[in-house]
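Breakdown of the fold
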Amino acid sequence: MKSTTAEMPKARWEREVLEPALKQAPEREIPFTTISGRPIERLYTEEDLAGLEYAHDLNHPGEYPYTRGIHPAGYRGRLWTMRQFAGFGTPEETNERYKQLLAAGGTGLSVAFDLPTLMGRDPDHDLSLGEVGKCGVSIASLADMERLFDGISLADITTSMTINSPASMIFAMYLVVAEKQGADWQRLSGTIQNDILKEFIAQKEYIYPPRPSMRLITDVFAFCAKEVPRWNTISVSGYHIREAGATALQELAFTLRDGLEYIQYGIDAGLDVDAFAPRISFFFNAHSDFFEEIAKYRAARKLWAEAMRDHFGARDARSWKLRFHTQTAGVSLTAQQPYNNVVRTALQALAAVLGGTQSLHTNSLDEALALPTAEAATLALRTQQIIAHESGVTNLVDPLGGSYFLERLTLDMEQGAKDYFATIDRMGGMVEAVDQGYPQREIAESSYRFQQAVEARDKIVVGVNDYVVDAESPVPTLYIDETTAERQIARLGELKRARDNGRVTRALDALRRAAAGTDNTMPLLLECARAYATVGEMCDALRDVWGEYEEVPSI
Amino acid sequence: MDKIRVVIAKPGLDGHDRGAKVIARALRDAGMEVIYTGLRQTPEQIVAAALQEDADVIGLSILSGAHNHICPRVMELLKEQRLDDVLVVVGGIIPDVDIPKLQAMGITGIFLPGSPMQEIVDFITGHARRHAERV
C-alpha cells in the first residue's frame with residue numbers, strides 16, 4: 001500500500017498543520033484514554049503499522065490466524081445467535097419467558113440460575129434464605145429441569161447454561177431431560193459455562209478447591225468427546241473478570257490464559273488436544289469503549305490460534321478457531337436515567353458484532369435496578385435485530401479491518417496479553433497464580449483506579465457524574481417475592497417423599513467413590529440425576545470428599 | 001480522636017465483591033480503620049465480627065435481593081448484643097419499595113448504584129459514633 005501518506009510523515013503534519021490549528025483552538029484538557037486507561041494518540045497513520053505483515057498478523061477471514069474472523073463469509077452466511085440470558089422465580093415462570101423469547105425471534109436459550117443453585121445448595125438450606133429464585137431460576141432436581149424445558153424440544157434448539165461449580169450436575173440433568181424427550185445426545189448442541197478459574201478470579205462462585213474443580217471439568221471434556229460431541233464443554237469467560245473491574249487488556253489476558261490452562265489440564269488428563277479443543281468456546285464482555293473492545297476480540301482470535309497451533313501442536317483447524325459469545329457490560333448500566341442504557345447497550349452490541357461474535361446477549365435498560373421485565377428484555381432483543389437488519393454492518397466481513405487505529409490497538413492488545421502470559425507462566429500457571437491471588441489483586445487495583453477516575457470526573461458517566469437530573473421518573477421493574485421460595489421448598493419435600501430414596505443413596509455413594517478415585521464422574525452424576533437426587537445432595541457428596549475452598553479476604 | 005472502625009461485610013451467597021472492595025479501600029483512604037470480612041458471612045458472623053473488632057460501623061454489600069432477610073436479622077442481633085449504637089449502612093441493589101422497610105428498622109444509610117464514594121464517606125463520618133464519646 002504505497003500512498004501519499006508515506007511521503008507526509010506525521011511529524012511534518014504535526015508541525016505544519018496541527019500546531020497552528022491548536023494555537024487557534026486548543027484541545028480539551030482531559031485525559032484522552034480508553035475506559036481502561038490506555039492513552040490514545042490523536043491520529044493514527046500508516047507509520048503506526050510499520051512492521052505489520054498482512055499474512056502473518058491479519059490474513060483473510062477464515063484463514064489462520066483468524067484475526068479478521070473465523071468464517072470466510074462472516075454474517076453473510078449465518079447471523080450471530082441472538083441469545084438472551086433469562087431466568088427467575090420458579091421453573092414454570094422461566095419456561096414462560098423462554099417461550100416468549102423464542103416467539104419473538106430469539107434463536108437460542110440461555111439459562112440464568114439462582115444463587116442457591118449456582119452454589120450447589122437446595123432451596124431449604126439455611127444459606128439459601130432470601131435467595132431462592134431471586135437472581136435466576138431455582139433448580140433443585142431433575143423434576144425442576146423437566147418443568148423448565150416443558151414443551152421446548154431440546155433436539156431443535158441450542159441452550160447455554162451459566163453454571164460453574166455444579167456444571168456437571170446441571171448438565172447431567174439436561175442430558176436426562178433430552179433422553180426422556182427422545183433426543184439423540186450425539187446431535188445435541190449447547191454450552192455449559194463450566195469455567196471455574198474465573199470464579200476464583202472474579203465471580204467467586206466456587207465450591208471445591210481448584211484442583212478437584214479442574215478435574216470435574218476435564219471429566220466433562222472426556223465424556224463429551226465420546227457421548228455429546230457437539231456440546232460446548234466450557235465457555236471460558238472474560239465477562240465476569242471485566243465486570244469485577246478488570247481492564248480490557250486484563251480481561252483478554254486472564255481469559256485466554258485460563259483457556260490455555262484448561263487445554264494443559266486436558267492434555268495432562270490423557271486427552272488428545274484435537275479431541276476436546278474444538279469444543280472449547282469463549283465468552284467476552286462488550287464494554288463501552290468501542291474500538292478497544294473490537295481490538296480485544298480480534299487479538300483474542302489471533303492469540304488463541306497461535307497458542308493452539310504452535311504451543312500445543314493442535315493439527316485440527318477447528319482447535320485453532322476461537323469462537324465466542326458476548327454480553328454487553330452490565331456494569332456500565334446506570335440506575336440513573338435508565339433509558340440511557342438502551343443507547344449504551346446498542347453501541348456495545350455493535351462493537352461485539354464488528355468484532356465477529358458468534359452469539360450475543362444484550363442487556364435490558366432496567367438491569368441496574370432489577371432483573372428485566374418482559375418489555376425491557378424484548379427491547380434488548382430488538383436492539384440486536386436492528387443492528388443485524390438495518391445498520392448494514394453485516395453486509396461484509398470485518399468492516400474495520402485495515403483501520404490504522406484498530407490494527408495498532410489490536411497489535412498492542414496482543415503484546416500486552418503476551419506480557420501477562422509471561423508473568424503468569426513464571427508463577428507456574430493460572431491455578432498457581434490464583435492461589436497467590438495475583439489476578440484478583442490486579443483486578444481490584446483496576447476497579448479502584450476506575451472509580452477514582454469517575455469521582456475525579458476524569459471519566460464522565462452520563463447521568464451519574466454529569467448531566468444529572470434531580471427528579472427522575474421511575475421505570476417499571478420486576479419484583480420477585482418470597483412465594484418462589486415457599487413453593488420450591490414445598491416441592492422439594494414432596495420429591496423426597498415420592499422418589500426411590502434407596503436408589504438415591506446408592507447413586508450418591510457411587511459418586512463419592514468415583515470422586516475419591518479416578519473414574520469419570522459424569523456417568524455417576526447421570527445416575528444421580530435419573531434417581532432425582534438434588535443439586536445440593538450431589539454437591540454435598542463431593543464436598544464430603546474434596547472439602548470446600550475458602551478465599552483469604554483482602555482489600 | 002480515634003479512627004472510625006468499619007466492618008465491611010458481604011452477606012448471603014453472592015460473590016460479586018467489586019463494590020465491597022472499592023468501598024473498603026475508599027473508607028481506608030479516608031482515614032478509617034476497615035475490616036473486610038470476606039464472602040458469604042451470616043448475620044451471626046457479621047455481628048460477632050463487629051463485637052470483636054469494636055466496630056463503630058457495619059457496611060453491608062447486598063446485590064442479590066436477600067436484603068429483606070439479612071438486614072432485619074443483623075439489626076435484631078445488634079440489639080441482643082447491646083450494639084444498638086453501631087451504625088449500619090447498606091450498599092447495593094435495593095428496590096425502591098424496600099427502602100422504607102429498611103429505614104423503619106433503623107438503616108438510614110442506603111447507597112444505590114452510582115453513589116459517589118465521597119457521599120458514603122461523608123455519611124459515615126457524620127453519623128458514626130466515636131470512641132471518644134463512649135463511656
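Definitions and limits used
- Residues numbered from 1 in each chain as written.
- Chains lettered and ligands numbered in written order.
- Predicted model: local features only at pLDDT ≥ 70, side-chain atom pairs only at ≥ 80, totals over all residues.
- Heavy atoms only, no water.
- Helix = DSSP H or I, 4+ residues; strand = E, 2+ residues; numbered from the N terminus.
- Rg over C-alpha atoms; globule rule 2.2 N^0.38 Å.
- Contact = heavy atoms within 4.5 Å.
- Areas by Shrake-Rupley, 256 points an atom, 1.4 Å probe, with all protein chains shown as cover.
- Lys, Arg positive; Asp, Glu negative; His and termini not counted.
- Charge placed at Lys NZ, Arg CZ, Asp CG, Glu CD.
- Buried < 20%, exposed > 50% of the residue type's maximum accessible area, 1.4 Å probe, protein only.
- Pairing = 2+ DSSP bridges.
- Axes fitted to C-alpha atoms, helices over the stretch in contact; angles between N-to-C directions.
- Buried area = accessible area lost by both parts, 1.4 Å probe.
- Salt bridge = Lys/Arg side-chain N within 4 Å of Asp/Glu carboxyl O.
- Right-handed = clockwise from strand over helix to strand, strands pointing away.
- 1 Å grid on protein atoms, 1.4 Å probe; cavity = no way out; pocket = protein on both sides within 12 Å on 5 of 7 lines; lining within 4 Å.
- Points joined across faces, edges and corners; volume = space filled by probe spheres on them.
- Nonpolar A, V, L, I, M, F, W, Y, C, P; charged D, E, K, R; others polar.

1. Considerations on the overall build of chain A
- Each helix and strand in chain A was counted, giving 22 helices and 9 strands.
- Against the globule reference of 24 Å for 555 residues, chain A gives a C-alpha radius of gyration of 24 Å, in line with a compact fold.
- Along the first, second and third principal axes, the C-alpha atoms of chain A reach 85 × 60 × 45 Å.
- Contacts spanning at least 24 positions in sequence make up 78% of the contacts within chain A whose residues lie at least 6 apart.
- For chain A, the exposed surface amounts to about 22000 Å²; the carbon and sulfur share of it is 53%.
- Put simply, chain A has 57 plus and 78 minus side-chain charges, and the middle of one group is 4 Å from the middle of the other.

2. Looking at the overall build of chain B
- On a plain count of helices and strands, chain B comes out with 5 helices and 5 strands.
- Its helices and strands in sequence order give chain B the pattern β-α-β-α-β-α-β-α-β-α, from N to C terminus.
- Projecting the C-alpha coordinates of chain B onto the three principal axes gives extents of approximately 35 × 30 × 25 Å.
- Per-residue burial over chain B gives 58% buried out of 135 residues.
- Long-range contacts, defined here as pairs at least 24 residues apart, represent 73% of the contacts in chain B between residues at least 6 apart.

3. Section: the sheet that holds strand 1 (residues 81-86) of chain A
Residues and elements named next belong to chain A.
- The strand order across the open sheet built from 9 strands is 5-4-3-2-1-9-8-7-6, with neighbouring strands paired in parallel fashion. The open sheet is flanked by strand 5 (231-232) and strand 6 (234-237), the only strands paired with a single partner.
- Two strands pair when backbone bridges link them, and strand 1 and strand 2 (residues 108-112) are joined in this way by 4 bridges, in the parallel orientation. Residue pairing across strands places Phe85 opposite Ser110, the latter belonging to strand 2.
- Contacts between helix 6 (residues 167-181) and the sheet are confined to strand 3 (159-162), strand 4 (190-192) and strand 5, with strand 3 contributing the most and set at about 150° to the helix.

4. Side note on the interface of chain B and chain A
- Of the residues lining the interface, 36 residues belong to chain B; the matching set on chain A comes to 39 residues.
- For the pairing of chain B and chain A, the buried interface totals around 3100 Å² over both sides, and the portion due to carbon and sulfur atoms is 57%.
- Per-residue buried area on chain B facing chain A is highest for B:Leu13, B:Arg18 and B:Arg25; these three make up 26% of the total on that side.
- Remark: the boundary between chain B and chain A carries 2 salt bridges.

5. Some remarks on the pattern of salt bridges
Residue and element names in this part refer to chain A.
- Applying the stated criterion across every chain, the model contains 55 salt bridges over all chains.
- In this structure, Lys134 and Glu482 form a salt bridge, with 3.1 Å as the shortest nitrogen-oxygen distance. Here Glu482 lies in the loop between helix 18 (438-455) and helix 19 (483-498) and Lys134 lies in the loop between helix 4 (115-118) and helix 5 (142-148), a separation of 348 residues in the sequence.
- With a relative accessible area of 26%, Glu482 lands in the partly exposed category.
- Among the charged side chains, a salt-bridge network with shared partners connects Asp57, Lys302, Glu306, Glu414 and Lys418.

6. Examining the pairing of strand 1 of chain A
Residue and element names in this part refer to chain A.
- For strand 1, the tally of buried residues reaches 5 of 6 residues, placing the bulk of the element in the interior.
- Where strand 1 and strand 9 (residues 359-361) come together, 2 bridges link them in parallel fashion. Across the sheet, Thr81 pairs through a bridge with Ser359, a residue of strand 9.
- In terms of handedness, the path from strand 1 via helix 3 (residues 91-103) over to strand 2 forms a crossover that is right-handed.

7. Structural notes on the side chain of B:Arg18
- Considering the arrangement of structural elements, one finds B:Arg18 in helix 1 (residues 18-29).
- It turns out B:Arg18 is buried and unbridged, and the closest side chain with the opposite charge, A:Glu243, is 6.5 Å from it.
- B:Arg18 has contacts with A:Arg242, A:Glu243, A:Ala244, A:Gly245, A:Val331, A:Ser447 and A:Phe450, leaving out every residue within four places of it along the chain.

8. With respect to the side chain of A:Thr345
Residues and elements named next belong to chain A.
- Counting through the fold element by element, Thr345 comes out in helix 14 (residues 340-354).
- Classification of Thr345 by relative accessible area gives buried; the value is 2%.
- Every residue in contact with Thr345, bar those within four places of it in the chain, is listed here: Thr328, Leu333, Thr362 and Asn363.

9. Thoughts on empty space enclosed by the protein
- Taken as a whole and judged by the stated rule, the model has 6 cavities of 30 Å³ or more.
- Considered as a void within the structure, the largest cavity measures approximately 90 Å³ in volume.
- Every residue along the wall of the largest cavity is listed here: A:Ile201, A:Ala202, A:Lys204, A:Ala244, A:Gln440, A:Ile443, A:Ala444, A:Ser447, B:Asp17, B:Arg18, B:Lys21 and B:Val22.
- Counting only elements with at least two residues in the lining of the largest cavity, the list comes to helix 7 (197-203) and helix 18 of chain A together with helix 1 of chain B.
- Split by residue class, the lining of the largest cavity holds 6 nonpolar, 2 polar and 4 charged.

10. Structural notes on the sheet that holds strand 1 (residues 5-9) of chain B
All names here are of chain B.
- An order of 2-1-3-4-5 is seen for the 5 strands of this open sheet, with the pairing classed as parallel. The sheet is open, and its two edges are formed by strand 2 (33-36) and strand 5 (109-111), each paired on a single side. Geometrically, the sheet is characterised by an average inter-axis angle of 20° between neighbouring strands, direction not taken into account.
- Here 6 bridges tie strand 3 (residues 57-62) to strand 4 (residues 87-92), and the two strands are oriented parallel to one another. When the sheet's bridge partners are listed, Ser61 is paired in strand 4 with Gly91.
- On top of the sheet, helix 5 (residues 117-127) reaches strand 3, strand 4 and strand 5; it is set at about 165° to strand 4, its chief contact.

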